[in-house]
Amino acid sequence: MEQFTGRIAVVTGGGTGMGRELAKQLAAEGCHVAMCDVSAEHMEETQAACRQLAPPGTRVTTHLCDVSEEPQVLAFRDAVKQSHATPCIHLLFNNAGIGGGGSMLTDDRAEWDKTFAVCWEGVYYCTRAFLPLLVAAPEAHLVNTSSVNGFWASLGPGTPHTAYSAAKFAVKGFSEALIGDLRLNAPHVKVSVVMPGHVGTSIVINSGIVLGRPSPKEMTGEDLQQVRERLARQGVPVEGASDDQLRAGLEMMAIAFRDLAPLSAAAAATQILDGVRQERWRILVGEDAIALDRLVREAPEEAYEPSFSERLRKLGFFGGLFGVGRPAPPAD
Ligand SMILES: NC(=O)c1ccc[n+]([C@@H]2O[C@H](COP(=O)([O-])OP(=O)(O)OC[C@H]3O[C@@H](n4cnc5c(N)ncnc54)[C@H](O)[C@@H]3O)[C@@H](O)[C@H]2O)c1
């Protein structure tokens, strides 16, 4: 599919970040967009930005839907069919995602389950719901967002990352398995798996909202104590830090993730859409993702050793964020 003009694209998680930029770039090309998100306010902003860029007659609709809840996904699908008066769609971007549920041993189970549900079941439910609409189009493309954590289940030593990595590996495996299934049973439908490296978005802040965590400013004694213990386990020197310093530090980490990234959400969306146009099934987004993919393939047995993260850091990737390149905490 070389052009998106006049097509219908469904984008999950269109409220902010890469989903918003995908919606904007698609709309600018005259592609009709139906987005969903859990934030009506953010979707309104995306819709307004799309309308500024889109040629007249381009439809941009917003739909409140939590992709981890199948009944909501089915209602979203029905609303898309109705508001776009269509029996088919041409593009499905399974983009919505959150980070959380780091440790199986020390983190809250509800957070683990919700992270896995949004990142994996969201992709699965939306694919199930929309696949007949993709098949009904003359040509169509399914685009599933995984992550570099879909082939490297780590954020570096000292930072457990189990729920997100498990879900993103599932998304990658599912997408790769669909290549053969679609080739056999619906060859006019293509599939791609998107694996971004570090992209500057508000995912850290948004994930906290979806998981019902208090914001750093709202954190009280017990929340702060848990954060303190978690950071200490990760080797961050927090002893001696006051509660206010801890709150400020947490805010700074979320802002640094967004503002100090090597790639903007807009540039990432352009790379994704280029990959779709070229019908590439594996779309690595960012130089860091390309380098990490190569390193993991070169030395899979070393991938979870501190020396591996050190090599990444020396190459200038993922510098210092979330423990990549930080020395491993002592094993006790
Ligand atoms: N930012 C990165 O560095 C990075 C790296 C690799 C992969 N990813 C993946 O890229 C995708 C987009 O993330 P982003 O960085 O643009 O983050 P983001 O937080 O800016 O955007 C994600 C959007 O999804 C929405 N969302 C969250 N849970 C939802 C749910 N249950 N139902 C519907 N919408 C929901 C959020 O409200 C938000 O608008 C995610 O799948 C993420 O895991 C991001």
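Refer to the structure presented above.
Residues numbered from 1 in each chain as written. Predicted model: local features only at pLDDT ≥ 70, side-chain atom pairs only at ≥ 80, totals over all residues. Heavy atoms only, no water.

(A) Highlighting the site of the ligand. Taken together, 30 residues are adjacent to the ligand, and Asp37, Asp66, Asn95, Tyr164 and Thr201 come closest. Met18 places a main-chain nitrogen or oxygen 2.9 Å from an oxygen atom of the ligand. Between a nitrogen atom of the ligand and a main-chain N or O atom of Val67, the distance comes to 3.0 Å. Of all the secondary structure elements, the ones that give two or more residues to the shell around the ligand are α1 (17-28), α5 (162-185) and α6 (203-210). In terms of residues, the shell around the ligand owes the most to one element, α6, which gives three residues. Looking at the shell around the ligand residue by residue, the classes come out as 13 nonpolar, 14 polar and three charged. (Near = heavy atom within 4 Å. Polar contact = N/O pair within 3.5 Å; in protein donor to acceptor, adjacent residues only side chain to side chain. Helix = DSSP H or I, 4+ residues; strand = E, 2+ residues; numbered from the N terminus. Nonpolar A, V, L, I, M, F, W, Y, C, P; charged D, E, K, R; others polar.)

(B) Up close: the nonpolar core. Among the nonpolar cores identified, the biggest contains 38 residues, and Val10, Val67, Ile89 and Phe130 are the most heavily contacted of them. Sorting the residues of this core by element identifies β1 (8-12), β2 (32-37), α3 (70-83), α4 (109-135), β5 (140-145), α5 and β6 (189-196) as the ones contributing at least two each. Here this core takes 10 residues from α4, the largest share from any one element. Once you skip the residues sitting within four places of it in the chain, Phe130 turns out to touch Val10, Phe76, Arg77, Val80, Ile89 and Leu92. (Core = buried A, V, L, I, M, F, W, Y, C linked by side-chain atoms within 4.5 Å. Buried < 20%, exposed > 50% of the residue type's maximum accessible area, 1.4 Å probe, protein only. Contact = heavy atoms within 4.5 Å.)

(C) Representation of the packing of α1 against helix α9 (residues 265-277) in the model. Between α1 and α9, the least distance of the axes is 8 Å, while the angle of their chain directions is 60°. Overall, the two elements α1 and α9 adopt an arrangement that is oblique. The chirality of how α1 crosses α9 is right-handed. Judged by residue contacts, Gly17, Met18, Glu21, Leu22, Gln25 and Leu26 of α1 engage Ala265, Ala266, Ala268, Ala269, Thr270, Ile272 and Leu273 from α9. Taken together, the residues that form the contact of α1 with α9 break down as nine nonpolar, three polar and one charged. (Axes fitted to C-alpha atoms, helices over the stretch in contact; angles between N-to-C directions. Parallel < 35°, antiparallel > 145°, perpendicular 65-115°, else oblique. Left-handed = near helix turned anticlockwise from the far one by under 90°.)

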